[in-house]
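# Summary of structural features
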Amino acid sequence: MKNLLLIFALAFFIKGHSQDTIVNFLNANGKVLKQENASVIQMIVKKDTTFLESLYSVKTRKLTSIGHYSDEAITKKIGQFQFYDNEGVLELITNYNKEGNYHGKYLSFKKGKKKITGVYSYGKKNGMWNYYDDNGNKQARIIYKDEKVYRFTIWDEKGSIIELSLIHISEP
């Protein structure tokens, strides 16, 4: 009875968790080539209706990016993507909607410190975006409405607000 139960559980596990995996060796431009000439290792795993792509540096063997695509050709991004520098430190987190446009949180880092935070809505900057200097101090807060600057605040290196007026250019 134990053996029958084990076989049933194993069959369910394999069927429920089977995935197709493809490994490619690429140059820096994404062209497939022989392993010995590659600078990037691409792993693609089919997960339900999406394809998870992981890219690794051949030189460092560290993850350089990871994210899902909605198409087998790996051209239409969907959901969250993460990008890393050569040392494996997170540089960017961004999100895409089902049309492949930026949509949702956008977080940029430099050497592990926050650089830019904001939100995209259907491919356009919307709402509050914050920009930071290399020490993590806020440099600017810009409020966007459909990709256009609505309001902003700028700080100097001491944290004092710099008074500037929003300039409007009107066309004749």
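Details of the structure are given in the entry above.
To keep things clear, this report deals only with the structure shown in the data block. Just so we're clear, the structure is a prediction, and the values are computed from it rather than from any experiment. (Residues numbered from 1 in each chain as written. Predicted model: local features only at pLDDT ≥ 70, side-chain atom pairs only at ≥ 80, totals over all residues. Heavy atoms only, no water.)

## Concerning the overall build of the chain
Here is the rule we go by: Secondary structure elements are defined from DSSP: runs of H or I of at least 4 residues count as helices, runs of E of at least 2 residues count as strands, and each element is numbered from the N terminus. With a 1.4 Å probe rolled over the protein chains alone, any residue whose accessible area is under 20% of its type maximum counts as buried; one over 50% counts as exposed, and the rest are partly exposed. What makes two residues a contact is simply this: any of their non-hydrogen atoms within 4.5 Å. Note on areas: Shrake-Rupley with a 1.4 Å probe; residue coverage comes only from the protein chains shown.
A count of helical and extended segments in the chain gives one helix and 12 strands. Along the chain direction, N to C, the helices and strands of the chain fall in the order α-β-β-β-β-β-β-β-β-β-β-β-β. The buried share among the 172 residues of the chain stands at 28%. In the chain, once contacts between residues fewer than 6 apart in sequence are set aside, the share between residues at least 24 apart is 7%. Element-wise, carbon and sulfur atoms account for 55% of the exposed surface of the chain, whose accessible area totals about 12500 Å².

## Considering the pairing of strand 7 (residues 102–110)
Inclusion rule: When DSSP finds two or more bridges between two strands, those strands count as paired.
As judged from the four bridges shared by strand 6 (residues 90–96) and strand 7, these two strands associate in the antiparallel manner. Bridging from a neighbouring strand, I93 pairs with L107 of strand 7. By the bridge criterion, seven bridges tie strand 7 to strand 8 (residues 113–121) in an arrangement that is antiparallel. Counted as the bridge partner of L107 is T117 from strand 8. Between the antiparallel neighbours strand 7 and strand 8 lie two residues, among them K111 with a positive phi of about 55°.

## Focus on the pattern of salt bridges
It is possible for side chains bearing opposite charge to pair when their charged atoms get close. To keep things clear, this is the line we draw: The term salt bridge refers to a side-chain nitrogen of Lys or Arg lying within 4 Å of a carboxyl oxygen of Asp or Glu.
All told, the structure shown has two salt bridges when counted by the stated rule. The partner of D134 in a salt bridge is K110, with the nearest N and O atoms 3.7 Å apart. On the criterion of sequence distance, the pair formed by D134 in the loop between strand 9 (124–132) and strand 10 (138–145) and K110 in strand 7 is long-range, its members being 24 residues apart. Exposure remark for D134: the relative accessible area of 46% places this residue in the partly exposed category. Where K115 meets D134, a salt bridge forms, and the shortest distance between an N and an O atom there is 3.0 Å. Of this pair, K115 sits in strand 8 while D134 sits in the loop between strand 9 and strand 10; the two residues are 19 residues apart in sequence, bridging distant segments of the chain. What makes K115 partly exposed here is its relative accessible area of 21%. When salt bridges that share partners are traced, they join K110, K115 and D134 into one network.

## Details of the nonpolar core
How we decide: In these notes, a set of buried Ala, Val, Leu, Ile, Met, Phe, Trp, Tyr and Cys residues joined through side-chain atoms within 4.5 Å is what counts as a nonpolar core.
One finds L92, Y106, I116, Y120, W129, Y131, A140, I142 and Y144 forming the largest nonpolar core, which totals nine residues. Put simply, the parts of the chain that give this core at least two residues each are strand 8, strand 9 and strand 10. Looking at this core element by element, the count peaks at three residues for strand 10. If sequence neighbours within four positions are ignored, I142 has contacts with G127, M128, W129, Y131, V149, R151 and F152. With six residues, the next largest nonpolar core counts I44, I74, F81 and Y96 among its residues.

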